[in-house]
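Notes for the structure review
For reference, the chains in residue letters:
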Amino acid sequence: GRDFTPICLERSDELGQLSRSFSDMGNQLQDYIQRQRQFVANVSHELRTPLTAIKGYSEYLIDEVKGQPDLAKAVDHLNNESSRLTRLVNELLLISRLDAGREDFLFERVNLSELVKETLDKLQSRAAKYTIYFEEKVEPDVTVSGDREKLLQGILNLLDNALKYSPPGGKVEVGVAADGSSAYFTVADRGRGIPPQDLNKVFERFYRAANAKAVGGTGLGLAITEEIITAHHGKIQLANRPDGGTKVTVTLPRR
Ligand code: ADP
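Note that the structure is predicted; figures quoted are calculated from it, not measured.

1. A look at the overall build of the protein chain
Counting secondary structure elements, the protein chain contains five helices and seven strands. Mapped in sequence order, the helices and strands of the protein chain form the string α-α-β-α-β-β-α-β-β-α-β-β. Computed over the C-alpha atoms, the radius of gyration of the protein chain is 24 Å, more than 25% above the 18 Å expected from 2.2 N^0.38 for a compact globule of 255 residues. Looking at the protein chain residue by residue over its 255 residues, the buried ones come to 38%. Long-range contacts, defined as pairs at least 24 residues apart, comprise 70% of the intrachain contacts of the protein chain with a sequence gap of at least 6. Working note: accessible area of the protein chain is about 15500 Å², and carbon and sulfur atoms make up 54% of it. Of the charged side chains in the protein chain, 34 are positive and 36 negative; the average position of the first set lies 3 Å away from that of the second.

Take a look at the structure:
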């Protein structure tokens, strides 16, 4: 019969080489990504100290320039911008620690219902400023196993978005519920919604939908929240509501 062996050997060797170079490329890419992440972590860390000083001095100046409207306006601006920068740097640091698996999660029994109510209380004065009304539909004593601080940060990010992207006078429905295996945290606003083509992209770092550009933000909140929820073996989904606005659903395994 005909002998195909030499050809097959040659082919399999080529395949072998190809797969080795792919794997080399993969490793190089991993290294590169790793170095980029480390770079971002280092830069953020280095920015913290000077920023703390800028923020400190600008706060000190607020009192000093009282009664001088032009100066007061400039100092107010300085103060707001340094707050914004501080937030950005803190978010960058958190996200690079989450990436590197260097952020510790302290799991304990967390009463999700109470945590959500506490967060709503914290946001009450901001909500009043935007004239937004939170409608609470919180089942009592839904508990999960989680890191309290991290969950708080995630909940805060989502409620903060609902406030930011809602028109004044809007209503935001906040729910906590549970079934046999899962706990659910939902936030439904009546704001501008998210263009359908952006629904998946808004979880990417720095991605902001075109209809959000006029509102202040870093584009990191959802990326951080998703990492936090994933670390809790949960998931987060965004959808547009049929009558306008956005609904976020966070599903967490029950304790
Ligand atoms: P930020 O709000 O700082 O821009 P996020 O990561 O929290 O960053 O959100 C990313 C983007 O997702 C926002 O810029 C906005 O386009 C969109 N988005 C998030 N939440 C809402 C919401 N409740 N309503 C409308 N758009 C939203």
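Here the narrative resumes.
2. Here we look at the packing of aromatic side chains
In total, this model carries one aromatic pair according to the counting rule given. Centre to centre, the rings of F105 and F107 are 6.2 Å apart; their planes meet at 25°, and the pair counts as stacked. Look at F105 and you get partly exposed, because its relative accessible area is 21%. Positioned above the aromatic ring of F105, the side-chain terminus of K150 is 5.0 Å from the ring centre.

3. Digging into the site of the ligand
Looking at the ligand, there are 18 residues lining it, with Y165, D189, R208, T218 and L222 nearest. Between the ligand and K164 there is a distance of 2.9 Å, counted from an oxygen atom to a side-chain nitrogen or oxygen. Between the ligand and G219 there is a distance of 3.0 Å, counted from an oxygen atom to a backbone nitrogen or oxygen. Calculation on the ligand without its partners gives an accessible area of 530 Å², and the protein chains cover 97% of this total. Only α4 (148–164) and α5 (221–231) provide two or more residues apiece to the shell around the ligand.

4. Things to note about the pattern of salt bridges
Pairing between side chains of opposite charge can happen when the charged atoms of each approach one another. This structure, assessed with the given rule, holds 18 salt bridges. Two residues, K66 and D63, come together in a salt bridge whose shortest N-O distance is 3.2 Å. For K66, a relative accessible area of 59% translates into the label exposed. With a shortest N-O distance of 2.4 Å, E103 and R97 are connected by a salt bridge. On the basis of relative accessible area, E103 is assigned to the buried category, the value being 17%. One salt-bridge network, held together by shared partners, links E135, K137, K171, E173 and R190.

5. Observations regarding the sheet that holds strand β5 (residues 182–188)
Here we have five strands laid out as an open sheet, ordered β2-β4-β5-β7-β6, and mixed in their pairing. Of all strands in the sheet, those with a lone pairing partner are β2 (133–138) and β6 (235–240), marking the two edges. Ignoring which end each strand starts from, the neighbouring axes of this sheet average 15° apart. Examined bridge by bridge, β2 and strand β4 (residues 171–178) share six bridges and lie parallel to one another. Bridge pairing links Y133 to K171 in β4. Against the sheet, helix α3 (residues 112–129) touches β2, β4, β5 and β7 (246–253), its axis set at about 175° to β2. Across the sheet, α4 is in contact with β2, β4, β5, β6 and β7; its angle to β5 comes to roughly 25°.

6. Here's the deal with the pairing of β5
Counting buried positions over the seven residues of β5 gives six, a clear majority of the element. Relative to β5, β4 runs antiparallel, the two sharing six bridges. Bridge pairing links V176 to F185 in β5. Counted between consecutive antiparallel strands, the loop separating β4 from β5 contains three residues.

Calculation notes
Residues numbered from 1 in each chain as written. Predicted model: local features only at pLDDT ≥ 70, side-chain atom pairs only at ≥ 80, totals over all residues. Heavy atoms only, no water. Helix = DSSP H or I, 4+ residues; strand = E, 2+ residues; numbered from the N terminus. Rg over C-alpha atoms; globule rule 2.2 N^0.38 Å. Buried < 20%, exposed > 50% of the residue type's maximum accessible area, 1.4 Å probe, protein only. Contact = heavy atoms within 4.5 Å. Areas by Shrake-Rupley, 256 points an atom, 1.4 Å probe, with all protein chains shown as cover. Lys, Arg positive; Asp, Glu negative; His and termini not counted. Charge placed at Lys NZ, Arg CZ, Asp CG, Glu CD. Phe/Tyr/Trp six-rings, centres within 6.5 Å; stacked < 30°, edge-to-face > 60°. Lys NZ or Arg CZ within 6 Å of the ring centre and 35° of its normal. Near = heavy atom within 4 Å. Polar contact = N/O pair within 3.5 Å; in protein donor to acceptor, adjacent residues only side chain to side chain. Salt bridge = Lys/Arg side-chain N within 4 Å of Asp/Glu carboxyl O. Pairing = 2+ DSSP bridges. Axes fitted to C-alpha atoms, helices over the stretch in contact; angles between N-to-C directions.

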